[in-house]
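Chain and residue survey
Here are the chains, one letter per residue:
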Amino acid sequence: MSDFQAVTHTSSTVAGLDAYRDLPIKQQPSWPDSAALEAVRNELSTQPPLVFAGEVDRLRSRLAEAAEGKAFVLQGGDCAETFAAATADNIRDRVKTILQMAIVLTYGAAMPVVKMGRMAGQFAKPRSSDSETRGDVTLPAYRGDVVNGFDFTEESRTANPRRILDGYHMAASTLNLVRSFTNGGFADIREVHQWNRGFAATTAFERYEALAGEIERALRFMEATGTDFKNMKTVEFFTGHEGLLMDYERPMTRIDSRTGLAYNTSSHFQWIGERTRELDGAHVDFFSRIRNPIGVKLGPSTTPETMKALVDKLDPEREPGRLTFITRMGAGRIREVLPGLLEASKDLDSKPLWITDPMHGNGITTANGYKSRRFDDVIDEVRGFFEAHREAGTFPGGVHVELTGDDVTECLGGSERIEELDLENRYESLCDPRLNHRQSLELAFLVAEELRAL
Ligand code: PEP
Ligand code: MN
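Along each chain, residues carry numbers from 1 onward, in the same order as the chain's sequence is written. All chains are assigned letters beginning at A, and all ligands numbers beginning at 1, according to the order in which they are written. Restriction of local features to residues with pLDDT of at least 70 applies here, the model being predicted, together with a cutoff of 80 or more for giving and counting side-chain atom pairs; totals for whole chains, interfaces and linings are based on all residues. Note that the side-chain values use all heavy atoms of the structure and ignore hydrogens as well as water.

1. What to know about the overall build of the protein chain
Put simply, DSSP H or I for four residues or longer makes a helix, DSSP E for two residues or longer makes a strand, and each gets a number counted from the N terminus. Of the regular secondary structure elements, the protein chain holds 13 helices and 14 strands. For this measure, only C-alpha atoms enter the radius of gyration; the expected value for a globule follows 2.2 Å times N^0.38, where N is the number of residues. Its C-alpha radius of gyration of 21 Å places the protein chain within 12% of the 22 Å reference for a compact globule of 454 residues. Dimensions of the protein chain along its principal axes, counting C-alpha atoms only, are 60 × 55 × 45 Å. The classification of residues rests on relative accessible area computed with a 1.4 Å probe and restricted to protein chains. Under 20% of the type maximum is buried, over 50% is exposed, and intermediate values are partly exposed. Sorting the 454 residues of the protein chain into buried and exposed places 56% on the buried side.

2. A word on the pairing of strand E8 (residues 269–272)
Neither face of E8 is open: one carries Phe-269 and Trp-271, the other Gln-270 and Ile-272, and all of them are buried. Two strands make a pair as long as DSSP finds a minimum of two bridges between them. Where E8 lies against strand E9 (residues 294–298), three bridges are found, and the strand directions are parallel. Within E9, the position partnered with Ile-272 by the bridge is Val-296. A crossover counts as right-handed when, viewed with the strands pointing away from the observer, the path leading from the first strand over the helix to the second turns clockwise. In the classification by handedness, the crossover that spans E8, the intervening helix H9 (residues 282–288) and the parallel E9 is right-handed.

3. A closer look at the coordination of the manganese ion (ligand 2)
Octahedral metals with six donors have ideal donor angles of 90 or 180 degrees. Tetrahedral metals with four donors have an ideal donor angle of 109.5 degrees. Taken together, the protein ligands of the manganese ion (ligand 2) are Cys-79 (SG), His-360 (NE2), Glu-402 (OE) and Asp-432 (OD), with distances of 2.1 to 2.4 Å. Of note, the manganese ion (ligand 2) draws all its donor residues from one chain, in the sequence arrangement C-x280-H-x41-E-x29-D. On the criterion of sequence distance, the pair formed by Glu-402 in strand E14 (residues 396–402) and Asp-432 in the loop between E14 and helix H13 (437–452) is long-range, its members being 30 residues apart. Only N, O and S atoms count as donors, using a 2.8 Å limit from the metal and a wider 3.2 Å limit for Na, K and Ca, and since water is excluded some coordination spheres may look unfilled.

4. Brief notes about the UniProt feature "binding site: phosphoenolpyruvate" (unreviewed entry) in the protein chain
Per the UniProt annotation, the sites labelled "binding site: phosphoenolpyruvate" (unreviewed entry) are Arg-118, Glu-274, Arg-275, Lys-297 and Arg-328. When you line up the elements, Arg-275 lands in the loop between E8 and H9. By definition in these notes, contact holds between two residues if any of their heavy atoms fall within 4.5 Å. Not counting chain neighbours up to four residues away, the residues in contact with Arg-275 comprise Lys-26, Gln-27, Pro-126, Arg-127 and Ser-128. Inspection of the secondary structure puts Lys-297 in strand E9. When its relative accessible area of 5% is taken as the criterion, Lys-297 is described as buried. Excluding residues that lie within four positions of it along the chain, Lys-297 makes contacts with Trp-271, Ile-272, Gly-273, Glu-274, Arg-277, Ile-326, Arg-328, Asp-357, His-360 and His-400. UniProt positions are given in the numbering used here, feature names are shortened, and annotations may be inferred rather than shown by experiment.

5. Points about the site of ligand 1
Taken together, 13 residues surround ligand 1, and among them Arg-118, Lys-125, Glu-274, Lys-297 and Arg-328 come closest. Considering ligand 1 on its own, with 300 Å² of exposed area, one finds that the protein chains cover 97% of that surface. The class makeup of the residues in the shell around ligand 1 is three nonpolar, two polar and eight charged. Being near a molecule or strand, for a residue, comes down to having at least one heavy atom within 4 Å of it. The Shrake-Rupley method, run with a 1.4 Å probe, gives the accessible areas here. Residue values count only the displayed protein chains as cover. Gly falls in the polar group here, along with every residue not listed as nonpolar (Ala, Val, Leu, Ile, Met, Phe, Trp, Tyr, Cys, Pro) or charged (Asp, Glu, Lys, Arg).

And the structure:
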(Lines give C-alpha, C1' and ligand atoms only; values in the text may rest on other atoms or scores of the structure.)
(Ligands and ions follow the chains in the order given, each with its own letter.)
Protein backbone atom coordinates (compact mmCIF):
# COMPACT_ATOMS: atom_id res chain seq x y z
CA MET A 1 0.00 0.00 0.00
CA SER A 2 1.23 3.47 -0.78
CA ASP A 3 1.98 5.72 2.16
CA PHE A 4 -0.45 8.20 0.79
CA GLN A 5 -3.35 5.88 0.33
CA ALA A 6 -6.02 7.92 2.08
CA VAL A 7 -8.31 5.96 4.34
CA THR A 8 -11.48 7.95 4.31
CA HIS A 9 -14.42 5.61 4.42
CA THR A 10 -16.18 5.48 7.79
CA SER A 11 -18.80 2.75 7.70
CA SER A 12 -20.07 2.23 11.21
CA THR A 13 -20.84 -1.42 10.76
CA VAL A 14 -17.46 -2.55 9.50
CA ALA A 15 -15.36 -4.62 11.85
CA GLY A 16 -17.58 -4.04 14.88
CA LEU A 17 -16.05 -0.64 15.46
CA ASP A 18 -19.10 0.49 17.40
CA ALA A 19 -19.35 -2.55 19.65
CA TYR A 20 -17.59 -0.50 22.33
CA ARG A 21 -20.73 1.57 22.71
CA ASP A 22 -22.49 -1.28 24.47
CA LEU A 23 -19.63 -1.96 26.87
CA PRO A 24 -18.75 -0.40 30.21
CA ILE A 25 -16.69 2.71 29.58
CA LYS A 26 -14.64 4.89 31.89
CA GLN A 27 -13.24 8.39 31.89
CA GLN A 28 -15.58 9.94 29.31
CA PRO A 29 -16.96 13.44 29.82
CA SER A 30 -20.64 14.03 30.30
CA TRP A 31 -21.59 16.13 27.32
CA PRO A 32 -24.57 18.35 28.09
CA ASP A 33 -26.01 18.30 24.55
CA SER A 34 -26.01 14.96 22.78
CA ALA A 35 -27.28 16.40 19.48
CA ALA A 36 -24.37 18.84 19.39
CA LEU A 37 -21.99 15.99 20.15
CA GLU A 38 -23.43 13.85 17.35
CA ALA A 39 -23.05 16.74 14.89
CA VAL A 40 -19.41 17.13 15.86
CA ARG A 41 -18.73 13.41 15.52
CA ASN A 42 -20.25 13.49 12.05
CA GLU A 43 -18.24 16.50 11.04
CA LEU A 44 -15.01 15.02 12.37
CA SER A 45 -15.59 11.81 10.47
CA THR A 46 -15.51 13.77 7.20
CA GLN A 47 -12.23 15.59 7.96
CA PRO A 48 -9.02 14.40 6.28
CA PRO A 49 -6.94 11.77 8.07
CA LEU A 50 -3.90 13.02 9.97
CA VAL A 51 -1.78 9.98 9.26
CA PHE A 52 -1.82 7.36 6.52
CA ALA A 53 -2.16 3.60 6.64
CA GLY A 54 1.27 3.05 5.11
CA GLU A 55 2.94 5.12 7.84
CA VAL A 56 1.07 3.21 10.52
CA ASP A 57 2.22 -0.08 8.99
CA ARG A 58 5.78 1.22 8.89
CA LEU A 59 5.68 2.08 12.58
CA ARG A 60 4.41 -1.41 13.34
CA SER A 61 7.42 -2.90 11.58
CA ARG A 62 9.78 -0.53 13.45
CA LEU A 63 8.24 -1.58 16.75
CA ALA A 64 8.63 -5.21 15.73
CA GLU A 65 12.35 -4.54 15.31
CA ALA A 66 12.46 -3.04 18.79
CA ALA A 67 10.62 -6.05 20.25
CA GLU A 68 13.31 -8.22 18.64
CA GLY A 69 16.06 -6.21 20.32
CA LYS A 70 17.14 -4.50 17.10
CA ALA A 71 15.90 -0.97 17.81
CA PHE A 72 15.10 1.22 20.81
CA VAL A 73 12.03 3.44 21.17
CA LEU A 74 11.97 6.97 22.50
CA GLN A 75 8.56 8.44 23.15
CA GLY A 76 8.14 11.84 24.74
CA GLY A 77 6.05 14.94 25.09
CA ASP A 78 3.66 16.76 27.37
CA CYS A 79 1.42 15.06 29.87
CA ALA A 80 -1.38 17.16 28.41
CA GLU A 81 -0.86 19.27 25.32
CA THR A 82 -2.78 22.52 25.51
CA PHE A 83 -4.16 24.63 22.69
CA ALA A 84 -2.41 27.72 24.06
CA ALA A 85 0.99 26.05 24.04
CA ALA A 86 0.70 24.71 20.48
CA THR A 87 2.99 27.49 19.25
CA ALA A 88 5.77 27.16 16.69
CA ASP A 89 8.54 27.73 19.25
CA ASN A 90 7.13 25.33 21.74
CA ILE A 91 6.64 22.56 19.18
CA ARG A 92 10.11 23.17 17.74
CA ASP A 93 11.76 22.94 21.14
CA ARG A 94 10.00 19.70 21.99
CA VAL A 95 10.99 18.13 18.68
CA LYS A 96 14.54 19.43 19.15
CA THR A 97 14.75 17.87 22.62
CA ILE A 98 13.55 14.51 21.32
CA LEU A 99 16.04 14.62 18.41
CA GLN A 100 18.89 15.51 20.78
CA MET A 101 17.98 12.63 23.08
CA ALA A 102 17.65 10.26 20.13
CA ILE A 103 21.22 10.86 18.93
CA VAL A 104 22.64 10.08 22.34
CA LEU A 105 20.49 6.95 22.61
CA THR A 106 21.38 5.83 19.09
CA TYR A 107 25.04 6.01 19.98
CA GLY A 108 24.54 4.29 23.35
CA ALA A 109 22.41 1.51 21.90
CA ALA A 110 24.33 1.25 18.63
CA MET A 111 20.99 0.61 17.01
CA PRO A 112 18.23 2.68 15.40
CA VAL A 113 16.03 4.74 17.69
CA VAL A 114 12.35 4.92 16.81
CA LYS A 115 11.26 8.47 17.57
CA MET A 116 7.70 9.10 18.65
CA GLY A 117 6.06 12.16 20.15
CA ARG A 118 3.37 12.22 22.81
CA MET A 119 2.23 14.95 20.51
CA ALA A 120 -0.33 16.16 17.99
CA GLY A 121 -3.30 14.68 19.80
CA GLN A 122 -2.33 14.25 23.47
CA PHE A 123 -5.23 16.42 24.59
CA ALA A 124 -7.56 14.20 26.65
CA LYS A 125 -6.82 13.28 30.26
CA PRO A 126 -8.12 10.61 32.62
CA ARG A 127 -8.81 12.02 36.11
CA SER A 128 -8.94 10.40 39.51
CA SER A 129 -12.15 12.28 40.31
CA ASP A 130 -14.99 13.48 38.05
CA SER A 131 -15.18 16.77 39.91
CA GLU A 132 -12.96 19.31 41.58
CA THR A 133 -13.86 21.35 44.65
CA ARG A 134 -12.32 24.69 45.54
CA GLY A 135 -13.74 26.28 48.68
CA ASP A 136 -17.47 25.68 48.48
CA VAL A 137 -17.59 25.40 44.68
CA THR A 138 -17.61 22.02 42.96
CA LEU A 139 -17.22 21.82 39.18
CA PRO A 140 -16.40 19.09 36.65
CA ALA A 141 -12.72 18.14 36.64
CA TYR A 142 -10.54 19.43 33.83
CA ARG A 143 -10.31 16.59 31.27
CA GLY A 144 -7.96 18.18 28.77
CA ASP A 145 -8.38 20.97 26.22
CA VAL A 146 -10.23 18.69 23.82
CA VAL A 147 -13.06 18.44 26.38
CA ASN A 148 -13.22 21.53 28.58
CA GLY A 149 -11.22 24.52 29.81
CA PHE A 150 -8.83 24.64 32.77
CA ASP A 151 -10.29 27.89 34.19
CA PHE A 152 -12.33 27.16 37.26
CA THR A 153 -15.67 28.55 36.09
CA GLU A 154 -18.86 26.76 35.27
CA GLU A 155 -18.72 27.83 31.65
CA SER A 156 -15.15 26.74 31.11
CA ARG A 157 -15.51 23.40 32.90
CA THR A 158 -18.65 22.39 31.02
CA ALA A 159 -17.70 19.84 28.35
CA ASN A 160 -17.98 21.50 24.95
CA PRO A 161 -17.92 19.24 21.87
CA ARG A 162 -16.67 22.06 19.61
CA ARG A 163 -13.37 21.50 21.40
CA ILE A 164 -13.13 18.09 19.72
CA LEU A 165 -12.92 19.82 16.33
CA ASP A 166 -10.52 22.40 17.73
CA GLY A 167 -8.37 19.52 18.99
CA TYR A 168 -8.36 17.96 15.54
CA HIS A 169 -7.19 21.24 13.96
CA MET A 170 -4.53 21.75 16.63
CA ALA A 171 -3.29 18.23 16.05
CA ALA A 172 -3.21 18.88 12.28
CA SER A 173 -1.20 22.08 12.59
CA THR A 174 1.15 20.54 15.17
CA LEU A 175 1.75 17.52 12.98
CA ASN A 176 2.32 19.72 9.94
CA LEU A 177 5.07 21.57 11.75
CA VAL A 178 6.57 18.35 13.13
CA ARG A 179 6.68 16.96 9.60
CA SER A 180 8.39 20.11 8.33
CA PHE A 181 10.96 20.12 11.11
CA THR A 182 11.82 16.47 10.68
CA ASN A 183 11.97 16.56 6.88
CA GLY A 184 13.23 20.02 6.15
CA GLY A 185 16.85 20.01 7.35
CA PHE A 186 16.27 20.87 11.02
CA ALA A 187 17.08 17.26 11.91
CA ASP A 188 20.64 17.32 10.45
CA ILE A 189 22.57 14.98 12.71
CA ARG A 190 25.61 17.29 12.89
CA GLU A 191 23.50 20.24 13.92
CA VAL A 192 21.64 18.25 16.56
CA HIS A 193 24.96 16.99 17.89
CA GLN A 194 26.26 20.55 18.20
CA TRP A 195 23.30 21.33 20.44
CA ASN A 196 24.30 18.37 22.60
CA ARG A 197 27.88 19.65 22.75
CA GLY A 198 26.51 22.91 24.08
CA PHE A 199 24.61 21.04 26.76
CA ALA A 200 27.56 18.91 27.86
CA ALA A 201 29.82 21.96 27.96
CA THR A 202 27.73 23.45 30.79
CA THR A 203 29.40 23.01 34.17
CA ALA A 204 26.50 21.15 35.78
CA PHE A 205 26.56 18.52 33.06
CA GLU A 206 30.27 18.08 32.44
CA ARG A 207 30.13 14.41 33.38
CA TYR A 208 28.45 13.85 29.99
CA GLU A 209 31.20 15.56 28.04
CA ALA A 210 33.15 12.36 27.47
CA LEU A 211 30.20 10.66 25.79
CA ALA A 212 29.40 13.74 23.71
CA GLY A 213 33.06 13.78 22.67
CA GLU A 214 32.88 10.15 21.60
CA ILE A 215 29.86 10.91 19.45
CA GLU A 216 31.79 13.79 17.92
CA ARG A 217 34.64 11.47 16.99
CA ALA A 218 32.19 9.00 15.47
CA LEU A 219 30.70 11.75 13.34
CA ARG A 220 34.16 12.94 12.25
CA PHE A 221 35.07 9.38 11.40
CA MET A 222 31.95 9.05 9.27
CA GLU A 223 32.73 12.32 7.56
CA ALA A 224 36.28 11.20 6.87
CA THR A 225 35.09 7.98 5.29
CA GLY A 226 32.92 9.98 2.91
CA THR A 227 29.55 9.34 4.56
CA ASP A 228 26.86 11.23 2.74
CA PHE A 229 25.27 13.36 5.47
CA LYS A 230 22.60 14.51 3.05
CA ASN A 231 20.69 11.34 3.88
CA MET A 232 20.78 12.26 7.52
CA LYS A 233 18.94 15.52 7.31
CA THR A 234 15.58 13.92 7.65
CA VAL A 235 14.31 11.62 10.35
CA GLU A 236 11.32 9.37 10.66
CA PHE A 237 9.08 10.71 13.40
CA PHE A 238 5.84 9.17 14.57
CA THR A 239 3.02 10.47 16.74
CA GLY A 240 1.14 8.83 19.57
CA HIS A 241 -1.27 9.72 22.33
CA GLU A 242 -3.49 8.08 24.91
CA GLY A 243 -6.49 6.62 23.12
CA LEU A 244 -9.02 7.85 25.64
CA LEU A 245 -11.72 10.13 24.28
CA MET A 246 -13.87 7.87 22.15
CA ASP A 247 -15.72 10.79 20.56
CA TYR A 248 -12.38 11.71 18.98
CA GLU A 249 -10.87 8.29 18.33
CA ARG A 250 -13.92 6.69 16.72
CA PRO A 251 -14.66 9.39 14.11
CA MET A 252 -10.95 9.50 13.22
CA THR A 253 -10.98 5.76 12.53
CA ARG A 254 -11.45 4.97 8.87
CA ILE A 255 -11.67 1.87 6.73
CA ASP A 256 -8.89 1.42 4.22
CA SER A 257 -10.73 0.80 0.98
CA ARG A 258 -7.98 -1.45 -0.35
CA THR A 259 -7.86 -3.87 2.53
CA GLY A 260 -11.14 -3.26 4.36
CA LEU A 261 -9.16 -2.83 7.58
CA ALA A 262 -9.70 -0.08 10.16
CA TYR A 263 -6.98 2.48 10.89
CA ASN A 264 -7.19 5.15 13.55
CA THR A 265 -5.89 8.10 11.54
CA SER A 266 -5.62 10.45 14.54
CA SER A 267 -2.00 9.31 15.10
CA HIS A 268 0.28 6.41 14.30
CA PHE A 269 0.13 4.89 17.78
CA GLN A 270 -2.35 4.99 20.63
CA TRP A 271 -2.00 3.55 24.08
CA ILE A 272 -4.68 2.50 26.54
CA GLY A 273 -4.15 4.10 29.94
CA GLU A 274 -3.83 2.42 33.30
CA ARG A 275 -7.36 3.52 34.25
CA THR A 276 -9.16 2.29 31.13
CA ARG A 277 -7.60 -1.06 30.37
CA GLU A 278 -10.33 -3.36 31.78
CA LEU A 279 -10.36 -6.55 29.77
CA ASP A 280 -14.08 -6.32 29.06
CA GLY A 281 -14.25 -2.57 28.77
CA ALA A 282 -14.89 -0.30 25.82
CA HIS A 283 -11.30 0.79 25.21
CA VAL A 284 -9.76 -2.66 24.96
CA ASP A 285 -12.57 -3.73 22.64
CA PHE A 286 -12.25 -0.74 20.32
CA PHE A 287 -8.46 -0.76 20.09
CA SER A 288 -8.45 -4.52 19.50
CA ARG A 289 -10.23 -3.84 16.20
CA ILE A 290 -7.87 -1.38 14.57
CA ARG A 291 -4.61 -1.95 12.71
CA ASN A 292 -2.49 0.64 14.52
CA PRO A 293 0.17 -0.63 16.87
CA ILE A 294 -1.30 -0.37 20.36
CA GLY A 295 0.26 0.29 23.74
CA VAL A 296 -1.10 -0.56 27.17
CA LYS A 297 0.09 0.99 30.41
CA LEU A 298 0.83 -1.55 33.12
CA GLY A 299 0.91 -0.34 36.71
CA PRO A 300 2.22 -2.18 39.78
CA SER A 301 -1.01 -4.12 40.40
CA THR A 302 -0.77 -5.92 37.05
CA THR A 303 -0.75 -9.70 37.42
CA PRO A 304 0.80 -12.10 34.92
CA GLU A 305 -2.74 -13.37 34.20
CA THR A 306 -3.97 -9.88 33.30
CA MET A 307 -0.93 -9.32 31.13
CA LYS A 308 -1.55 -12.57 29.26
CA ALA A 309 -5.25 -11.81 28.85
CA LEU A 310 -4.33 -8.43 27.35
CA VAL A 311 -2.10 -10.18 24.84
CA ASP A 312 -4.95 -12.51 23.89
CA LYS A 313 -7.37 -9.63 23.43
CA LEU A 314 -5.13 -7.12 21.72
CA ASP A 315 -2.74 -9.36 19.83
CA PRO A 316 -4.62 -12.59 19.15
CA GLU A 317 -2.60 -13.19 16.00
CA ARG A 318 0.72 -12.60 17.78
CA GLU A 319 1.78 -10.08 15.21
CA PRO A 320 5.26 -8.59 15.66
CA GLY A 321 5.09 -4.91 16.63
CA ARG A 322 1.37 -4.99 17.34
CA LEU A 323 1.49 -4.71 21.12
CA THR A 324 3.63 -2.59 23.42
CA PHE A 325 3.53 -2.80 27.19
CA ILE A 326 4.42 0.50 28.80
CA THR A 327 5.27 -0.30 32.41
CA ARG A 328 4.85 2.40 35.07
CA MET A 329 5.52 0.67 38.32
CA GLY A 330 7.27 3.31 40.40
CA ALA A 331 10.91 3.10 41.43
CA GLY A 332 9.94 1.37 44.66
CA ARG A 333 7.97 -1.44 42.99
CA ILE A 334 9.55 -2.17 39.63
CA ARG A 335 12.16 -4.64 40.85
CA GLU A 336 9.46 -6.59 42.65
CA VAL A 337 6.71 -6.60 39.98
CA LEU A 338 8.33 -6.50 36.55
CA PRO A 339 10.37 -9.74 36.82
CA GLY A 340 7.19 -11.84 37.24
CA LEU A 341 5.60 -10.27 34.17
CA LEU A 342 8.71 -10.79 32.08
CA GLU A 343 8.98 -14.41 33.18
CA ALA A 344 5.30 -14.99 32.34
CA SER A 345 5.72 -13.33 28.96
CA LYS A 346 8.09 -16.10 27.97
CA ASP A 347 5.15 -18.56 27.88
CA LEU A 348 3.44 -16.51 25.21
CA ASP A 349 4.07 -17.31 21.60
CA SER A 350 4.49 -13.59 21.02
CA LYS A 351 7.04 -10.98 21.86
CA PRO A 352 5.46 -7.78 23.13
CA LEU A 353 7.63 -4.70 23.12
CA TRP A 354 8.50 -3.51 26.63
CA ILE A 355 8.88 0.20 27.28
CA THR A 356 9.43 1.93 30.60
CA ASP A 357 7.39 4.95 31.64
CA PRO A 358 9.39 6.05 34.68
CA MET A 359 7.11 9.01 35.34
CA HIS A 360 3.63 7.88 36.34
CA GLY A 361 4.55 5.62 39.24
CA ASN A 362 6.72 8.29 40.84
CA GLY A 363 4.36 11.15 41.61
CA ILE A 364 4.72 13.06 44.87
CA THR A 365 3.13 16.17 46.35
CA THR A 366 5.66 18.60 47.77
CA ALA A 367 5.30 20.46 51.08
CA ASN A 368 4.54 23.63 49.10
CA GLY A 369 1.69 21.89 47.30
CA TYR A 370 3.08 20.96 43.87
CA LYS A 371 2.59 17.69 42.02
CA SER A 372 6.15 16.72 41.26
CA ARG A 373 8.54 13.84 40.59
CA ARG A 374 12.11 13.33 41.68
CA PHE A 375 14.62 12.97 38.86
CA ASP A 376 16.44 10.36 40.96
CA ASP A 377 13.29 8.23 41.21
CA VAL A 378 12.79 8.48 37.46
CA ILE A 379 16.35 7.28 36.86
CA ASP A 380 16.03 4.60 39.50
CA GLU A 381 12.94 3.19 37.77
CA VAL A 382 14.78 3.18 34.44
CA ARG A 383 17.64 1.28 36.08
CA GLY A 384 15.20 -1.18 37.66
CA PHE A 385 13.68 -1.72 34.21
CA PHE A 386 17.07 -2.51 32.68
CA GLU A 387 18.01 -4.77 35.60
CA ALA A 388 14.79 -6.78 35.34
CA HIS A 389 15.27 -7.29 31.61
CA ARG A 390 18.92 -8.23 32.00
CA GLU A 391 17.92 -10.80 34.58
CA ALA A 392 15.06 -12.22 32.49
CA GLY A 393 17.00 -12.20 29.23
CA THR A 394 14.35 -10.00 27.58
CA PHE A 395 14.92 -6.72 25.78
CA PRO A 396 14.31 -3.33 27.42
CA GLY A 397 12.84 -1.76 24.31
CA GLY A 398 12.36 1.90 25.07
CA VAL A 399 11.49 4.83 27.29
CA HIS A 400 8.31 6.88 27.46
CA VAL A 401 8.66 10.23 29.23
CA GLU A 402 6.75 13.40 29.91
CA LEU A 403 9.00 16.21 28.78
CA THR A 404 9.12 19.67 27.34
CA GLY A 405 11.78 21.60 25.48
CA ASP A 406 11.39 24.53 27.87
CA ASP A 407 13.26 25.41 31.05
CA VAL A 408 10.31 24.70 33.31
CA THR A 409 10.70 23.78 36.96
CA GLU A 410 8.30 20.91 37.51
CA CYS A 411 10.42 17.87 38.41
CA LEU A 412 12.88 17.95 41.32
CA GLY A 413 16.61 17.33 41.08
CA GLY A 414 18.83 16.52 38.17
CA SER A 415 22.30 17.99 37.98
CA GLU A 416 20.79 21.47 38.08
CA ARG A 417 19.34 20.53 41.46
CA ILE A 418 15.85 21.90 41.14
CA GLU A 419 14.46 22.17 44.67
CA GLU A 420 10.96 22.44 46.08
CA LEU A 421 11.04 26.22 46.26
CA ASP A 422 12.17 26.40 42.62
CA LEU A 423 8.87 24.80 41.57
CA GLU A 424 7.28 28.18 42.18
CA ASN A 425 9.40 29.77 39.43
CA ARG A 426 8.16 28.09 36.32
CA TYR A 427 5.55 25.42 36.83
CA GLU A 428 3.43 25.39 33.68
CA SER A 429 1.96 21.93 33.32
CA LEU A 430 -1.82 21.77 33.76
CA CYS A 431 -1.48 18.12 34.60
CA ASP A 432 1.61 16.05 35.46
CA PRO A 433 5.13 17.50 35.94
CA ARG A 434 7.47 17.16 32.98
CA LEU A 435 11.21 16.82 32.69
CA ASN A 436 12.59 20.10 31.40
CA HIS A 437 14.95 20.34 28.44
CA ARG A 438 18.12 19.68 30.43
CA GLN A 439 16.64 16.97 32.63
CA SER A 440 15.49 15.23 29.44
CA LEU A 441 18.98 15.32 27.94
CA GLU A 442 20.48 14.14 31.18
CA LEU A 443 18.05 11.22 31.20
CA ALA A 444 19.13 10.37 27.64
CA PHE A 445 22.82 10.31 28.61
CA LEU A 446 22.06 8.09 31.61
CA VAL A 447 19.91 5.71 29.55
CA ALA A 448 22.68 5.61 26.93
CA GLU A 449 25.04 4.38 29.64
CA GLU A 450 22.56 1.60 30.51
CA LEU A 451 22.23 0.67 26.85
CA ARG A 452 25.97 0.42 26.41
CA ALA A 453 26.13 -2.00 29.29
CA LEU A 454 23.57 -4.38 27.74
C1 PEP B 1 -0.40 9.55 31.16
O2 PEP B 1 0.34 8.92 30.38
O3 PEP B 1 -0.44 10.80 31.20
C4 PEP B 1 -1.22 8.80 32.13
C5 PEP B 1 -2.33 9.29 32.64
O6 PEP B 1 -0.68 7.62 32.41
P7 PEP B 1 -1.24 6.34 33.18
O8 PEP B 1 -2.41 5.85 32.39
O9 PEP B 1 -0.08 5.40 33.14
O10 PEP B 1 -1.59 6.76 34.58
MN1 MN C 1 0.68 12.20 32.75
